[in-house]
Structure formats: C-alpha cells, structure tokens
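Structural features, examined
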Amino acid sequence: MSTLVAVLRGADGTVQFANAALENTLGLSRRTLEGADFASFFTDPALLQTALAGARGKDFSALRYEASLKRLHQDPVPVHVSVADAEQAGEILVELWPLEQQARQDREERLRDQAQAHKELIRNLAHEIKNPLGGIRGAAQLLEMELESRELAEYAQVIIHEADRLQSLVDRLLAPHRHPHLVSDVNIHEVCERVRALVLLEYPQGLTILRDYDTSIPEFRGDRAQIIQAMLNIVQNAAQALCERMLQGVAEITLRTRVVRQVTFGRQRYRLALELHVIDNGPGVPDAIKERIFYPLVSGRDGGSGLGLTLAQTFVQQHRGLIECDSVPGRTDFRILIPLP
C-alpha cells in the first residue's frame, strides 16, 4: 500500500500497528513505533489529539484534515489525515496521504494520459501526411526531368529536399510505434558509459561529464537500444543547453544512478526501482515551456525538432517507467524511474 496506515489505541492514542509505508516515511521500525504516542510524530500534536478526543466521543464517523508529519533527519512532509473508528472496539484507524505524493501521482497520471493522446494524434497525423508527401515528391521528380531551365530545376530540387526532410520527421514520429520491443538484460552503467562516450565525441572541448554510480544496481530486462536512445536524447539536450558554458570551460553534466525502495509511480508501488539522474548546470528550462517539455514539437531551442524528450518519455514508459524534470537556472535535473526486478 502507498497509503500510510496506523491503528491506535483509542484510550491513549498509542500505536498498535503501523504499516510498511508509514515505517518508510518516518524512517522508524514498526517495533519503535508500536506503543509510542502517535501525536508526537506530528509538528502540531494538538490537531491529532483533538481528532482522537472527537473519535472517542463519537462526534463523527470520520474526520479529515491536513497536517505535517515529522521525519527522521528530513524535513516534515505535508499529509492529508483521515481519522475513523476501526473495526475492533477501542481502536482508531488513522490513514495519511502525503500531499506531495498525491500531487505527483496526479501529475504522472496526467502525463500518461497526454502521452497516450499524443501518440494517437501523431500516428494519425503522420499517416495523413505520408501519402500526399509521396505524391508531391514524385511530381517534383517528374517535373525536374521535364525542365530545361537550370534555375527552374533547382526549384524542383528544393521541393524534393523539403519533402525528404518532412519524410524524415514523420519517420521519427512513428519510430517508437514501428519497431518491436527487443528485450534483453540491460546494465544501466554500460548504457551510461556508451552515452557519455558518444556525447563527449560530439562535444570534446569545455564539457565535463561526471559519474556518480551505485554499482550495486542489478541488471533488468528491457530494450537496450531504446534505453540508450532515451538517455542520449536527454544528455544531448543538456549538452546543447550548455554551449555558452562550454566556451567558458565550466559546462558540467552529472550522471547519477541510485536504487529507490518502496517507491510509487504510475499509481503503482514498486519494491525497487532504478533512479537515474541527468543533471546539468545550464540556464534551465524556459518557464514558458516547463509544463510542456514532453509534448511533441515543443522545443526551447532554435532549430530544435521538439521530438527528443517526447521519444525519450515514450521509450521509458514502454518500460513501465517515467521521466520527470525539475529545473531552475543553474541546475536542471531529469529523473528517470524504471522498475527493477
């Protein structure tokens, strides 16, 4: 369960039971929690104490309010609290939902719905474009063969060139939906090293790519080519955003891998997940497109196709994962989450 649950003794509000999600959030074991005054784990204990008094007096069947839950060596987490009678007499059930987690789940659900809608739109639009595009290119070729004037033939060449460019764009739009999922064992650090080498070949001067790896991360089943392409798109975007800093010799990208436990994303809880960060010290994502960076054809760079992050999100979602972005001037962090076995 992703919901935090505690069963309290009605008489004094001490903990009789705490689930794993509550243990993980508080950073305390169940043995430590049992018998403790649950109100003491809130920044304002009086709110829960008042709610418990109301529950004992049968003033309500269920009470909901918002509070802040203290955590060991971490900042308090805002939660939505529900207090109600438990099935057993003399017990009170307290359920808590982290507000930040709820907001994140809503955002993830919105991203997935948008991605599905965009996928259908792109597929239909691409097929609608392909047929007339082929006719335009063929007609331009025939026209070029009939033209005697070199200047007019050059105009026909422009039509052919632009038709080819649009065809390439359509092919890239359809790429994630055309090729079969080729599943094999994926070592994320081999992927990181491959991407790092490719980007440093493209930007040999002024760029430093730092490694911060957790080498204990196990291999997982997935499409290695898709994971490489997703990560390459993100790292190349970061490098392109750092061009000015490269001239100063202070451009940095950090590749960081970690394992996260008992994590919820995509409205599903996973025991283990890979957390891969691509962090750069560039100017950040423009505010105007922050909420739309994973939309197709949205780009913050002149001449950008706006497909790199869309394709990256699609490839990661095909692995039941998700990409998130947190960006401020001087630090942009793309976070890739993929479930582990």
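Residues numbered from 1 in each chain as written. Predicted model: local features only at pLDDT ≥ 70, side-chain atom pairs only at ≥ 80, totals over all residues. Heavy atoms only, no water.

The next subject is the overall build of the protein. Along the protein, the regular secondary structure elements total nine helices and 12 strands. Going through the 341 residues of the protein one by one, you find that 41% of them count as buried. A sequence separation of at least 24 residues applies to 61% of the contacts in the protein between residues at least 6 apart. Just so you have it, the protein exposes about 18,300 Å², and 51% of that area is on carbon and sulfur atoms. (Helix = DSSP H or I, 4+ residues; strand = E, 2+ residues; numbered from the N terminus. Buried < 20%, exposed > 50% of the residue type's maximum accessible area, 1.4 Å probe, protein only. Contact = heavy atoms within 4.5 Å. Areas by Shrake-Rupley, 256 points an atom, 1.4 Å probe, with all protein chains shown as cover.)

The next thing to look at is the side chain of Asp223. Among the structural elements, Asp223 can be located in the loop between β8 (220-222) and α7 (224-241). Buried and without a salt bridge, Asp223 has Arg224 as its closest oppositely charged side chain, separated by 8.6 Å. There is a polar contact of 3.1 Å between the side chain of Asp223 and the backbone nitrogen of Ala225. (Lys, Arg positive; Asp, Glu negative; His and termini not counted. Salt bridge = Lys/Arg side-chain N within 4 Å of Asp/Glu carboxyl O. Polar contact = N/O pair within 3.5 Å; in protein donor to acceptor, adjacent residues only side chain to side chain.)

One non-glycine residue, Arg320, lies in the positive phi region at around 65°. Checked against the element boundaries, Arg320 lands in the loop between α9 (308-317) and β11 (322-328).

To continue, consider the pattern of salt bridges. If you walk through the whole model with that rule in mind, you get 11 salt bridges. One salt bridge in this structure joins Glu193 and Arg211, with 2.7 Å as the shortest N-O distance. Taken as a pair, Glu193 in helix α6 (residues 188-202) and Arg211 in strand β7 (residues 207-212) lie far apart in primary sequence, 18 residues in all. A relative accessible area of 46% means that Arg211 is categorised as partly exposed.

Along the chain, the position of His319 falls in the loop between α9 and β11. Since its relative accessible area comes to 7%, His319 is described here as buried. A polar contact is formed between the side chain of His319 and the backbone oxygen of Phe315, at a distance of 2.9 Å.

Time to look at the nonpolar core. Ile188, Val199, Leu207 and Ile253 are the most contacted members of the largest nonpolar core, which has 45 residues in total. Going through the elements one at a time, α6, β7, α7, β9 (251-265), β10 (268-280), α9 and β12 (331-339) are the ones with two or more residues in this core. No other element matches the nine residues that α7 contributes to this core. Counting 28 residues, the second-largest nonpolar core is a separate cluster that includes Ala18, Leu26, Ala36 and Ala67. (Core = buried A, V, L, I, M, F, W, Y, C linked by side-chain atoms within 4.5 Å.)

What follows deals with the environment of Leu4. One can find Leu4 in strand β1 (residues 4-9). Take Leu4: its relative accessible area is 1%, and that puts it in the buried class. Separated by 19 residues in sequence, Leu4 and Glu23 have C-alpha atoms that sit 8.4 Å apart. When neighbours within four sequence positions are excluded, Leu4 is seen to be in contact with Asn19, Ala21, Leu22, Thr25, Leu69, Val94, Glu95, Leu96 and Pro98.

Tracing the chain through its elements places Arg335 in strand β12. In sequence terms Arg335 and His277 are 58 residues apart; their C-alpha atoms lie 4.6 Å from each other. Reaching out from Arg335, the side chain makes a polar contact with the side chain of Glu275 at a distance of 2.6 Å. Among the polar contacts listed, one links the side chain of Arg335 to the side chain of Glu324, at a separation of 2.7 Å.

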